[in-house]
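Summary of structural features
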Amino acid sequence: MKRRAVINRSDLLLSLADVPANARNAVAELLGYEAQGAEETVRLPTEIGPGPGGAEEHGPRLGGRPGSAEPISFLIPVRASSNKPESAVERTGGRWLETITSISEDELSPAKDKSPPPTPALQPWSRLWPYLRQVLGCQRESQRLDVRRLIRDAAELRPIRRLPRLRFLAWADRACILVDRRDALMPFWDDATDLVNRIERLRGREGLDGWWLDEGSTAVAARRFWTRSLGPLKPAAGVPVLVLGDLGRLSRDSRLTRAWAEFAGHLRRRGHQCSALLPCPRDRWDSRLARLWESACWDRGERLPRGGFGLRPRASESDRQKACLGVDQLLALLSPGVRIEPGLLRSLRLLLEPGLADVGTEFEAWHHAEAARTPLAMALLPESAVRRRAVFREAGDERKRAVRGRIVEAVSRLLRQNRPCS
Amino acid sequence: MKLPDTEKQQIDFLIERARVHFGDRIKGEKVYREAARQLLKDRKEAQGLGHVRPGPAEYLDLLRALSELHPENEDDQLHALAKIRDFALRKNPEEPRL
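In this text, all values refer to a predicted model and were calculated from it rather than measured experimentally. (Residues numbered from 1 in each chain as written. Chains lettered and ligands numbered in written order. Predicted model: local features only at pLDDT ≥ 70, side-chain atom pairs only at ≥ 80, totals over all residues. Heavy atoms only, no water.)

1. Points about the overall build of chain A
The following threshold applies: A helix here means a DSSP run of H or I that spans at least four residues, while a strand means a run of E at least two residues long, and both kinds are numbered starting from the N terminus. Contacts were defined at the residue level, with two residues in contact if any of their heavy atoms lie within 4.5 Å. Each accessible area is a Shrake-Rupley result for a 1.4 Å probe, and residues are judged covered by the shown protein chains and nothing else.
Regarding its fold elements, chain A presents 16 helices and 12 strands. Within chain A, residue pairs in contact and separated by at least 24 positions form 66% of the contacts whose partners lie at least 6 positions apart. Surface exposure of chain A reaches about 25300 Å², of which carbon and sulfur atoms provide 53%.

Structural data, given as structure tokens:
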């Protein structure tokens, strides 16, 4: 028996008889038909020209409807754009990111048994310890007779009730060290801690009082250096006192400056010898404070005073432009780093000329408005980092190229030292 | 019944038999030819898709529908055929795309 065709165009004809034009395709699909050559009949309006008789000979058609020559509007994409803000990397061209070799997991994970490189000291220990023995020391009599004094007294017919002995400088029996541990001085925390530990090893802990001042002032409770316990800060009478801090001068905090001046007056009335080792350039010192605290500048190239006397403030040259230039150059050197610890900050600062970057430059870079800080490290804000990296990449003069070469060499050496597989 | 080999002969064959059935109800030669062309187009496509091919019976069904919808009006019959001219068989008629 012959099978009947499933497809029958007569059904299509009857079904479409009363169907509106926009529903014809749907009905036709139900019957097994579809509009043929829809793609071929649809053309862009610009491509449709008038027919020979003034009408469009092959106009676009919808639903395959013959004879319908109404123009149809089409949307044509001509431009692509986004309303998202352009990132800094895109603005400055991020192609260099594609060309560099990515950091491997091994390089990101330093060996646990290897500690980070030491922070370069503000001043060499060989220069520091004589100064420290002066400010924390006292004159003692030795066993040897002071013959010259004895002869002089005899020649002047003075009664000799006690044989004069030669005197020498020695550590005082008791000494007090105050460390300014406020957050603003975080780049110098390690320097102060290292210094106190070295003093302890040199003279012994007996009679040595170390104190941390978390708020940078003696008005609030202090913590003992070795036990971290809170306690009242009351140095015994006559004990030499040494401050490791800026006395509020780096941050130009008048409240702190006033508090330190009052504290020095109080100590001097009790017979204390007051000294201060300041990680602060001398042109920022306060002359009154420098008189109350026999001060020394804790920075490279600075002379440490002898004889227990302090230095005077340097006349302010008010060369603010030079200071800003130093900070800018230091930030440019720091810009390739994603995490900048105080050691790196110090190392790079020491690459700059002493007249351009001092310990104050270090402080200003750490607290720069274009940087973000944590208690452990700092980082430049992304946009600033990108901008300053461009400055860092600039060719510059021979000196700048030399500095850049030393940075690359130092970082390469660090990577080699800290790579676990090396 | 077997259709001839060439398309022209097939069309003539179909028209010849259709005239016997419809006589004056469908007068225009154009209507017969257009309906025959559409049927042969479906026939070719059905063969390619593996369906049963429509034949003279389906041709007569189509003409009957035309004569019922537009009796003795050649223009309306041609217009009705033009409406379905651009429809072709779907490859998967069991799955309407709705």
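The discussion continues.
2. Comments concerning unusual backbone geometry
For the record, the criterion: Throughout, exposure labels follow a simple rule: accessible area from a 1.4 Å probe, protein chains only, divided by the maximum for the residue type, with under 20% read as buried, over 50% as exposed, and the rest as partly exposed.
In this structure, A:R228 is a non-glycine residue whose phi angle is positive, near 60 degrees. You can see A:R228 is positioned in the loop between β6 (222-224) and β7 (230-231). Residue class for A:R228 comes out partly exposed when judged on its relative accessible area of 39%. Look at B:E72: it is not a glycine, yet its phi comes out positive at around 60 degrees. Note on placement: B:E72 falls in the loop between α3 (56-69) and α4 (74-85). Judged by its relative accessible area of 54%, B:E72 is exposed.

3. Focus: the packing of helix α2 (residues 29-49) of chain B against α4(B)
All names here are of chain B. Basically, it comes down to this: Where helices are involved, their axes are fitted lines through C-alpha atoms of the stretch in contact, as for all axes, and angles between N-to-C directions lie from 0 to 180°. By the definition adopted for this analysis, an angle is roughly parallel if under 35 degrees, roughly antiparallel if over 145, roughly perpendicular if from 65 to 115, and oblique otherwise. In this scheme the crossing of two helices becomes right-handed for a clockwise turn of the near helix relative to the far one and left-handed for an anticlockwise turn of less than a right angle.
Axis separation between α2 and α4 bottoms out at 9 Å; the angle between their running directions is 15 degrees. Looking at the two axes, α2 sits roughly parallel to α4. α2 and α4 meet at a crossing whose hand is left-handed. Counting all contacts with α2, which are made through K30, V31, E34, A35, Q38 and K41, the residues of α4 involved are E74, Q77, L78, L81, I84 and R85.

4. Things to note about the side chain of B:E58
Note the following rule: Identification of polar contacts relies on pairs of N or O atoms within 3.5 Å, with a donor-acceptor requirement for protein atoms, meaning one able to donate a hydrogen and the other able to accept it, and with residues adjacent in sequence counted only if both atoms are side-chain atoms.
Examined against the element boundaries, B:E58 turns out to sit in helix α3. From its side chain, B:E58 meets the backbone nitrogen of B:G55 in a polar contact 2.6 Å long.

5. Description of the environment of B:A18
Residue and element names in this part refer to chain B. By secondary structure assignment, the location of A18 is in helix α1 (residues 7-22). The spatial distance from the C-alpha of A18 to the C-alpha of R64 is 9.6 Å, given a sequence separation of 46 residues. Not counting residues within four places of it along the chain, the set of residues in contact with A18 comprises G23, Y32, Y59, L60 and L63.

6. What to know about the pattern of salt bridges
Residues and elements named next belong to chain B. Which entries qualify depends on this criterion: The rule for a salt bridge is simple: a side-chain nitrogen of Lys or Arg has to be within 4 Å of a carboxyl oxygen of Asp or Glu.
Across all of its chains, the model carries 33 salt bridges over all chains by this definition. Of the charged contacts in the structure, one is a salt bridge between E7 and K44, with a shortest N-O distance of 3.6 Å. Residue E7 is found in helix α1, and its partner K44 is found in helix α2; the two are separated by 37 residues along the sequence. Residue class for K44 comes out exposed when judged on its relative accessible area of 58%.

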